[in-house]
Amino acid sequence: MDFAALPLDVLAFNRPAIDWHAVAPELVLLTFGALLTLLDVIYLERGRKLTSALAGIALLATMVPILTLAWDGADRTLFNGAYVVDDFALVMKAVFLLSGYVVVLLSTNYIAEGDYWENEYYSLLITSILGMVVMASARDLITIFVAFELLSIPSYMLATWKKRDLRSNEAGLKYYLMGVFASAIMLYGMSVLFGLSGETILTRVNSALSSDPLSGNALSSSTPIITMAIIFTIVGFAFKVSAFPFHNWAPDTYTGAPIPVTAFLAVASKIAGFVALVQLVYLGFYARADVFQPLMWILAVSSMTIGNLIALRQTDVVRLMAYSGVAQAGYILAPLAVAGPELEGDNTLSSIVAYLAIYAAMNLGVFAVILAAARKTRSTSVESMNGMFHYAPGLAVAMTVFLFALAGIPPLGGWFAKFEIFFAVIGAGGTWAVLLGVAIALNSVIALYYYAAIARRIWADDAPDGDLTPIRIPPSLNAALVLTVVTTLVFGFLPGAVSHFTDVTLLAGG
Amino acid sequence: MDYDNNWVLSVLTFAPLVGALVMMAIPRGDDAIHKAIALAVSGGLFLFGTFYLLTEFDFDNSGEMQFNYSTDWINVINSRYIVGIDGMALPLILLTLLVVPLCIIYSWDHFPEPHNPKAFLILILILETGMIGTFVAEDLILFFVFFEVVLLPMFFMIAVWGGPDRRYASLKFFLYTLFGSALMILAFLSLFFLAEGADGTALRTFDIQALTDWGGANLSRNAGLLIFGGMFMGFGIKVPMFPFHTWLPDAHTQAPTVGSVILAAVLLKLGTYGFIRIAIPILPEAAVEWAPWIGLLAVIGIIYGALGCLAQTDMKRLIAFSSVAHMGFVMLGISTLTTFGINAAVFGMVAHGLITGILFFVAGSIKDRYHTLEIKRLGGLLLQAPRMGWILGFATMASLGLPGLAGFWGEFPAILSAYQPANGVSTTLFRVYMVIAAVGTVLAAGYLLWLLQRTAFGTPSDEFVDDPHIHDATKFEYVAWAPMLILIVVLGVYPNFLFKTSDPAVEKSLHPCLIEDKADLTAADCPAVFDIEVAGG
C-alpha cells in the first residue's frame, strides 16, 4: 500500500476521548495490582504477610468507583461503543469483585500455611479479576477476546499453584491445553463473523448478520456460514462455563487445583464466561434467534441432564461440585434458548443475572465449607463429611444451607434463582419452552438426590473414627462463611430486595 | 371491625420461626431452656391463636377471606405477600396450632435417639411456620414457598432421629415431594402467563383470589388440563394418592413418633388443601374433566390401602397404609366437586389429623415400651397397660368410622356425596365409586379390629410378660393425648360446628355451574363441559 496516498489524519494518532470516571474501576484495580508486585520487590519476605490484606483492600477499593458510577446512574459509552458502562456492567463488576474478595478470604490461610508463593498468587488473582471487570464492559469482538485471555492466562497458572503436587500440575496443564484449544476455535469463529460483517462492534455485527452484507437481499444464502461462525464463537465460552460436551477439563482441574483456586474457577471464571456469552447473544447475535436458540436448547438440556447424572456417582465432594457446576451451567443457559426479538417483556436477561449473583454466593459458600472441613479431615471425599454436625454444628448448618440452596429449596437463596429461570422460560411460551421447563424441573429432582445425600452424611452419620475434635476456623475463612451464608439467606427471604439490582438491561452501545 | 386485626396471621406464621432463631442463639448445653422456649412459643401461640381466632373470626361470613393483609414482596414477578383465612383454612390452622405443642409435650422426657432436643425442637418450630404459612398464603408463590419450607425440617427429622432405614426413607420422601412441587411451580407459572381477563388483557398475577375470580375463562382446554395435571402431581403426591403413595409407609415407619404425628396430622393436609384452595377453584372446567380420574385413584387408594393394611406385620406401617385409605375418602369427597363432598373432605382432614395422630402417638408409646412394633410379638396390652390399651381401642373405633366419633363425619358424607357428583361429572361412574368406597369401610373395620385384637387383646407373649419397662401411660402422654381424644368426641357429637364454618367457604370456592341445581341454569350460562343442556333437556 502506498502510505503517502493516505490522508494525513488517518496516519496521525488521535487519542479517543476517555471518560476517566468510566474506567476508574479498572484503573484502581490495575494500580493496586502493580503496588502488590512492587511491595514484593521492595520488601521481599517482610511484605508477605501484608499481601493478602492488600489484595482484599484492592478489591474493596475498586467497589468505590463502581458505587459512584451506580450513584451517577448515566450509561457511558467509550471507544465507539467497544466499551460500555451500563447497569448490567456495573452489577456484574460488583459480582466479580465481591466474589474475588471472598476468594481472597479463602486463600489467606491456605496459601500462607501451604508455603506457596504468596505475592505472585495474589497478583495473578487480581490480574484475572481485572480481565473479568473488563469483560463486563466489553462490547466488541476484540475487547471480548482480550478480556477473555486476560482472565484465562493467570487462572491457568493459578491452577498449578501446588507446584510439587502431580495432580495440580495435571490440573493446570489440562486446563491450559483445553483452554487454548477453545480460544483458537472461538477466534476462528470471530474472524468469520468479522469477515461476514466487516465489523467488530457487537451491535453492528448484529445488524450485518440480519441482512446479507454482500448482496443486501435475503439472509438464507449466508445462513450456513453464519451458523458456523456463531457455533464456533459460542464453543469458546461453552468451554469456560463448562457446559456439556466441553466440560471434560472441569472435574480434573477442580480436584487438582488448590481449593481456593477451584472456587475461583467455579464461580468468578465461570460467571465471566456467561457474561461474555450474554453480551454476544443479546448484542451480537440477537437477530439470529433462529440460529442460537436451538444450539442453546441442546447445550442447556444436555448439560443439566448429563452433569446431574454423572454427579450422582461421585465420591469426592469437589468432583461432585464440578459436575453440579456443569448442571448449573445448563440451567443458566436455558433462558438463552428462548431469548429473541419476538419475545415480549423479555425476562431472560434479568433471570440470568439473578442466577449468576445467587450462584456466586452459594458456590463460594460450599467451597468455604469444604476448605474448612479439609483443615481437619485432610480430605475432600464424601466420607470426610460424615458426622460434621457432631463436631462442627455451625459449619454443618452452613453447608446444609448451601446444599439446599443449590438444590433450589425455598426459602434458601437458590429457589429464587431457579424460579427466575422458570419464569423466563415459561413466560416465553410454546412447546419447546415448556419442554425446557419440564427438563429443568426433572433435573432439579435428580440434583436434590446428591445434595441431600451429602446433607444426610453431615447430619445422620457418625464422624470417621469417632474423632470429635472441633475445627479451628481462621477468622478470614469465618468471614467468608458469614458473608456467603447471609447473602444466600437474604436472597431467599427477600428476593424482591435483590431482584431490584439484577433487573438490568444491556445498553446497545455503538 | 373497629380496629386492625390483619397482623394476627403474620404473627401466627412467623412467631415459631422467631422462637427457632432465639433457640439457635442459645448454646446447646441446657436442654431445659430449649424445651421451655419451644413449649412457651408453641403453647402460647396455641392459646393466643385459638382464643383470638375463635373470638375475632366472623363466623357469619366464614365464606369471606378475613384478617387479610397484602403488601409488596417480589415486585419483579408481581408476587405479593397476601395472607387471609376463611372457613376452609380456619379448622386446619387450629389443628396445626394444637398438634405442635402436644408433640412437644409428648417428647418432653423421651426424645428419640440421638437426643439433641435443641435441634429437634428447632425443626418442629420451623415446621410449624411452614404449615401455618401454607394455610394462610393467598398468593401462589408464597404458598409454594411455605409448601416447600416444611420439607427440610421433616427430611432432617426422619434422617437424623428416624429408625434403622431412615437414610432411604428420608430421601425418598424428599425426592417424591420435590418432583411433585417442581411440576406444580411450572403449573403456577403457566397460570401467571396464560390468565387473561375478559377483555383480553393479561392478568399477570399470582393472587389466588384474583385467579379464582378469573376461573380459567378463555383458557384453552389443553392448557387447562395440563396445568391442572401439574398441580395434581404437586398436591396428589403430598396427599398421597395412589400410585404416588409409596413414600408414605416408608416415611411413617422410619420417622420418630412426633414426626409421624405431624406428618399424618398436618403435612398430608397440605396436599388436599391445595386441591380445594387452588386447583379446583382456579380451574373448574379442567377439574370436571379430571374428576373421574381423581375419583378412580381415590377409590383405588381406599381399597389398596385397606388391603395393604391387612398384609402388614408392623403396626406403624399398618397405620400408614390406613392413612392412604383415609385420604382416599377425602379425595373421593373432593373429586365429586360438590359442596357436600368438599365439606366432608374438610371434616375428614381434621378428623384424620386427630385420629391418626393419636394412633401414631400410641404406636410410638408401645414402641418405647416393647422396643418393637411387630404385631405378632405384641399382645395383651390391655393387661399390661390397660389405660393405653383403651385409648388404642378408642382410636381404632374412631378410625373405622364409628358414628358418634369424628371419623364417621369424614367418611360417611364423603361416600354419600359420590351419589350425586357435580354437574358435568358422570353420575353412574361415581355411584360405582360409592359402592367400592363402601366396601372399603368394611375392610377398614376389618383391619382395625384385627389390629386391636392382635395387640390389645389376649395375653402378653412370653418375652414381655415380666418386662419391668412396660408400664401404663405417663402424665406427659395423658396431657398430650387428652385434647385430641376430647376433640374426637366433641366433633363426633357436634359436627355441625365444623360444617357450618367450612360450608360458606366451600360454596364460594366452587364455580356456580358446578353446584347449582341444573334446573336453575341454562346452557348459555355455563361452558359445555358442565353438561347442563343434556341434563336440563
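See above for the structure.
The structure reproduced in this document is the subject of the present report. (Residues numbered from 1 in each chain as written. Chains lettered and ligands numbered in written order. Predicted model: local features only at pLDDT ≥ 70, side-chain atom pairs only at ≥ 80, totals over all residues. Heavy atoms only, no water.)

**A few points about the layout of surface pockets**
And then number 1: Its volume calculated, the largest pocket comes out at about 1,400 Å³.
And then number 2: Around the largest pocket sit 45 residues that line it, and A:Val397, A:Val401, B:Leu21, B:Met24 and B:Ile126 are the ones nearest its centre.
And then number 3: For the lining of the largest pocket, the secondary-structure elements that each account for two or more residues are α16 (393-407) and α19 (475-493) of chain A together with α1 (8-25), α4 (117-136), α5 (140-149) and α6 (151-161) of chain B.
And then number 4: Top element by residues in the lining of the largest pocket is α16(A). It accounts for eight residues.
And then number 5: Put simply, the second largest pocket is a space of about 940 Å³.
And then number 6: For the lining of the second largest pocket, the elements supplying multiple residues, two or more each, are α3 (48-72), α4 (87-113), α14 (348-377), α19 and α20 (495-502) of chain A.
And then number 7: Tallying contributions element by element places α4(A) first for the lining of the second largest pocket, with nine residues.
And then number 8: Its residues assigned to classes, the lining of the second largest pocket comprises 26 nonpolar, six polar and four charged. (1 Å grid on protein atoms, 1.4 Å probe; cavity = no way out; pocket = protein on both sides within 12 Å on 5 of 7 lines; lining within 4 Å. Points joined across faces, edges and corners; volume = space filled by probe spheres on them. Helix = DSSP H or I, 4+ residues; strand = E, 2+ residues; numbered from the N terminus. Nonpolar A, V, L, I, M, F, W, Y, C, P; charged D, E, K, R; others polar.)

**Some remarks on the pattern of salt bridges**
Residues and elements named next belong to chain B.
And then number 1: For the structure shown, the criterion picks out 22 salt bridges over all chains.
And then number 2: Residues Lys172 and Asp250 are paired through a salt bridge, measuring 2.8 Å at the closest nitrogen-oxygen approach. Of this pair, Lys172 sits in helix α7 (residues 166-194) while Asp250 sits in helix α10 (residues 247-254), placing them 78 residues apart in sequence.
And then number 3: Among the salt bridges present, the one from Glu289 reaches Arg221, with a minimum N-O distance of 2.8 Å. (Salt bridge = Lys/Arg side-chain N within 4 Å of Asp/Glu carboxyl O.)

**Notes on the packing of α4(B) against helix α11 (residues 257-282) of chain B**
All names here are of chain B.
And then number 1: For the pair α4 and α11, the least separation of the axes is 10 Å and the interaxial angle reads 20°. One element, α4, and the other, α11, form an angle in the roughly parallel class. Both α4 and α11 take part in a crossing whose hand is left-handed. Where α4 abuts α11, its residues Phe120, Ile124, Leu127, Met131, Thr134 and Phe135 lie against Val258, Ile262, Val266, Leu267, Lys269, Leu270 and Tyr273.
And then number 2: Among the residues forming the contact of α4 with α11, the class breakdown is 11 nonpolar, one polar and one charged. (Axes fitted to C-alpha atoms, helices over the stretch in contact; angles between N-to-C directions. Parallel < 35°, antiparallel > 145°, perpendicular 65-115°, else oblique. Left-handed = near helix turned anticlockwise from the far one by under 90°. Contact = heavy atoms within 4.5 Å.)

**Remarks on the interface of chain A and chain B**
And then number 1: Counting residues at the interface gives 35 residues for chain A and 34 residues for chain B.
And then number 2: Roughly 3,300 Å² is buried in total at the junction of chain A and chain B, and carbon and sulfur atoms are behind 82% of that figure.
And then number 3: Contact with chain B buries surface across chain A, with A:Phe419, A:Phe423 and A:Arg456 losing the most and accounting together for 19% of the total.
And then number 4: Taken together, the links from chain A to chain B amount to one salt bridge.
And then number 5: Taken together, the connections running from chain A to chain B amount to three residue pairs in polar contact (both at pLDDT 80 or more).
And then number 6: Mapped by element, the contributors of at least two residues to the side of chain A that touches chain B are α16, α17 (414-428), α18 (431-460) and α20 of chain A.
And then number 7: Ranked by residues supplied to the side of chain A that touches chain B, first place goes to α18(A) with 13 residues.
And then number 8: Residue composition of the side of chain A that touches chain B, grouped by class: 24 nonpolar, seven polar and four charged. (Buried area = accessible area lost by both parts, 1.4 Å probe. Polar contact = N/O pair within 3.5 Å; in protein donor to acceptor, adjacent residues only side chain to side chain.)

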